[in-house]
Amino acid sequence: VFGVIFYFTGTPLYLAAMFGGIALATAPAPSLSIVNEARAAGPVTSTLIPMAALDDLVGAVVFFAVIAFVSSTLSVAGTSFIATLAIVFAPVLLGAVTGVIAGFVMRHTRSNAATIASMLALLLATALFAMYLNENVLTGASLNFMLLGMAFSTAFANMIPKEKLDGVMRVMNPVISFSLILLILNLGAPLDYHLVFGAGIYTAVYIVSRAVGKYFGAYVGAAATHATDTVKKYLGFTLLPHSGVSLVFTGISVSVLAGPAPECAQLIQGTIAAAAVINEIIAVFIARKGFEWAGELGKADEAKKAAVEARA
């Protein structure tokens, strides 16, 4: 949609790809909070829970591929797209390797404290090694620490027993929540919220086209995998919340565009800032309605009781 608009308005088309990359992101917290608070259970809920993680993983891969393409396009040093893409995805490989090492170590620890200490030590070592590479090896580029952490945690989380992972997460969840707040505030602080009032038609186009894409994308995917009618009809509504992850992606986009294309940075900044405010008000309400229309609110206790009876 933005590609068509920008074609006729003379705006660089790579900006449309950046809007698309940001729009892919889903903020899982609002929908998962509805699931927990409203005790939702059913096909839509069961599909959403793994989707909440997978959706952002796919979104991050696509977004950083777009960022690599735009960075190579705007690079005054003539860096190739392949080289830029390699730098963007190098942290995935590095994080995966050190995460596997962490997983092996954590599988042999005897206490929760030792498990957490091993994880933190290897995470710190990974971050320090990445900082060394940024300072001494890579010139004019840097590894992305968000992808580094995603790959690291994904690797070890799939290698250790569930009991150990639950023990780690009980301690780390408050730290992660606080860190995410700092991250979003840090990336959101430079966003000029005065631009919210001047964003206008682009914000409306962004919100509507993203909602249409999420809904029909989920519908087509559910139909292709022979999901139930409720999943086809209502899953898309639960994927509409957006704000937290969109601010992270927007902050990265603005940092890429600020030097070579400041007018594009301002456009993407104002549009997403306005969309983050407006969409979150609408999306949380619609997401809850999605669970309600699917008939899954308050069904968790019934599902748990049925499972106990089935085992008996």
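Please refer to the structure placed before this passage.
Residues numbered from 1 in each chain as written. Predicted model: local features only at pLDDT ≥ 70, side-chain atom pairs only at ≥ 80, totals over all residues. Heavy atoms only, no water.

K.L.:
Kindly report on the overall build of the chain, identifying the contributing residues and their values.
P.N.:
Counting secondary structure elements, the chain contains 13 helices and zero strands. Of the regular secondary structure in the chain, the N- to C-terminal order runs α-α-α-α-α-α-α-α-α-α-α-α-α. Counting over 312 residues, the chain shows a buried share of 41%. Accessible surface for the chain amounts to roughly 16100 Å². Of this, 70% is attributable to carbon and sulfur atoms. (Helix = DSSP H or I, 4+ residues; strand = E, 2+ residues; numbered from the N terminus. Buried < 20%, exposed > 50% of the residue type's maximum accessible area, 1.4 Å probe, protein only. Areas by Shrake-Rupley, 256 points an atom, 1.4 Å probe, with all protein chains shown as cover.)

K.L.:
Explain the packing of aromatic side chains to me, and be specific about the residues and the numbers.
P.N.:
Enumeration over the complete set of coordinates arrives at 18 aromatic pairs. Considering the side-chain rings of Phe6 and Phe19, the 6.0 Å spacing of their centres and the 45 degrees angle between planes classify their relative orientation as tilted. Within this pair, whereas Phe6 is found in helix α1 (residues 2–9), its partner Phe19 is found in helix α2 (residues 14–23), the two being separated by 13 residues in sequence. Since its relative accessible area comes to 1%, Phe19 is described here as buried. (Phe/Tyr/Trp six-rings, centres within 6.5 Å; stacked < 30°, edge-to-face > 60°.)

K.L.:
Break down a nonpolar patch on the surface for me, with residues and values.
P.N.:
Taken together, the side chains of Val208, Val212, Phe216, Tyr219 and Val220 present a nonpolar region at the surface, about 460 Å² in accessible area. Considering the arrangement of structural elements, one finds Val212 in helix α9 (residues 201–224). (Patch = residues over 30% accessible without salt bridge, like charges linked within 9 Å, V, L, I, M, F, W, Y side chains within 5 Å. Salt bridge = Lys/Arg side-chain N within 4 Å of Asp/Glu carboxyl O.)

K.L.:
Which residues make up the nonpolar core, and what values go with them?
P.N.:
If you look at the biggest cluster of nonpolar residues, it comprises 35 residues, and the most contacted ones within it are Leu15, Met18, Leu257 and Ile268. Those elements that provide at least two residues to this core are α1, α2, α4 (43–74), α9, α11 (243–257) and α12 (262–293). Sequence-distant contacts of Ile268, that is, excluding residues within four places in its chain, are made with Leu15, Met18, Phe19, Ile22, Thr250, Ser253, Val254 and Leu257. With 15 residues, the next largest nonpolar core counts Ile34, Val231, Tyr234 and Leu239 among its residues. (Core = buried A, V, L, I, M, F, W, Y, C linked by side-chain atoms within 4.5 Å. Contact = heavy atoms within 4.5 Å.)

K.L.:
Provide a residue-level description of α2, including the pertinent values.
P.N.:
The buried fraction of α2 is high, at eight of 10 residues. Looking at α2, one finds that the buried residues are Tyr14, Leu15, Ala16, Met18, Phe19, Gly21, Ile22 and Ala23.

K.L.:
Now, about the pattern of salt bridges: what can you tell me, with residues and values included?
P.N.:
Scanning the model with the defined rule gives three salt bridges in all. Of the charged contacts in the structure, one is a salt bridge between Glu292 and Lys289, with a shortest N-O distance of 3.5 Å. A residue pair is termed a helical-turn pair when its members lie 3 or 4 positions apart in one helix, as Glu292 and Lys289 do in helix α12 at three residues. On the basis of relative accessible area, Glu292 is assigned to the partly exposed category, the value being 40%.

K.L.:
Any details on the packing of α2 against α12? Residues and values, ideally.
P.N.:
Contact pair α2 / α12: the axes reach a minimum separation of 11 Å and the direction vectors enclose 30 degrees. By the criterion of interaxial angle, the relationship of α2 to α12 is roughly parallel. Considering the relative orientation of α2 and α12, their crossing is right-handed. Within the contact between the two elements, α2 uses Tyr14, Leu15, Met18, Phe19 and Ile22 and α12 uses Cys264, Leu267, Ile268, Thr271 and Ile272. Looking at the contact of α2 with α12, its residues break down into nine nonpolar, one polar and no charged. (Axes fitted to C-alpha atoms, helices over the stretch in contact; angles between N-to-C directions. Parallel < 35°, antiparallel > 145°, perpendicular 65-115°, else oblique. Left-handed = near helix turned anticlockwise from the far one by under 90°. Nonpolar A, V, L, I, M, F, W, Y, C, P; charged D, E, K, R; others polar.)

K.L.:
How would you sum up unusual backbone geometry? Please name residues and give values.
P.N.:
Phi at His226 takes a positive value of approximately 60 degrees, unusual for a residue other than glycine. Turning to its location among the elements, His226 is positioned in the loop between α9 and α10 (229–238). Residue classification places His226 among the exposed positions, given a relative accessible area of 73%.

K.L.:
Can you explain the side chain of Thr271? Please cite residues and give values.
P.N.:
One can find Thr271 in helix α12. Among the polar contacts listed, one links the side chain of Thr271 to the backbone oxygen of Leu267, at a separation of 2.9 Å. (Polar contact = N/O pair within 3.5 Å; in protein donor to acceptor, adjacent residues only side chain to side chain.)

K.L.:
Outline the packing of α1 against α2, listing residues and values.
P.N.:
One way to put it is that α1 packs onto α2 with a least axis distance of 9 Å and a crossing angle of 155 degrees. By the angle class used here, α1 and α2 are roughly antiparallel. Note on packing geometry: the crossing formed by α1 with α2 is right-handed. Taken together, the residues of α2 that come into contact with α1 (itself represented by Phe2, Gly3 and Phe6) are Leu15, Ala16 and Phe19. Of the residues that constitute the contact of α1 with α2, the class distribution is five nonpolar, one polar and no charged.

K.L.:
Tell me about the environment of Ser153, and please be specific about residues and values.
P.N.:
Position of Ser153 relative to the elements: it lies in helix α7 (residues 145–157). In the structure, Ser153 is positioned 55 residues away from Thr98 in sequence and 9.5 Å away in space, judged by C-alpha atoms. Side-chain polar atoms of Ser153 contact the backbone oxygen of Gly149, separated by 2.9 Å.

K.L.:
Tell me what's going on with the side chain of Thr26, and back it up with residues and numbers.
P.N.:
Along the polypeptide, Thr26 turns up in the loop between α2 and α3 (28–37). At 2.9 Å, the side chain of Thr26 and the side chain of Lys214 are in polar contact. Setting aside its immediate chain neighbours within four residues, Thr26 contacts Asp55, Asp56, Arg210, Lys214, Leu239, Pro241 and Val245.

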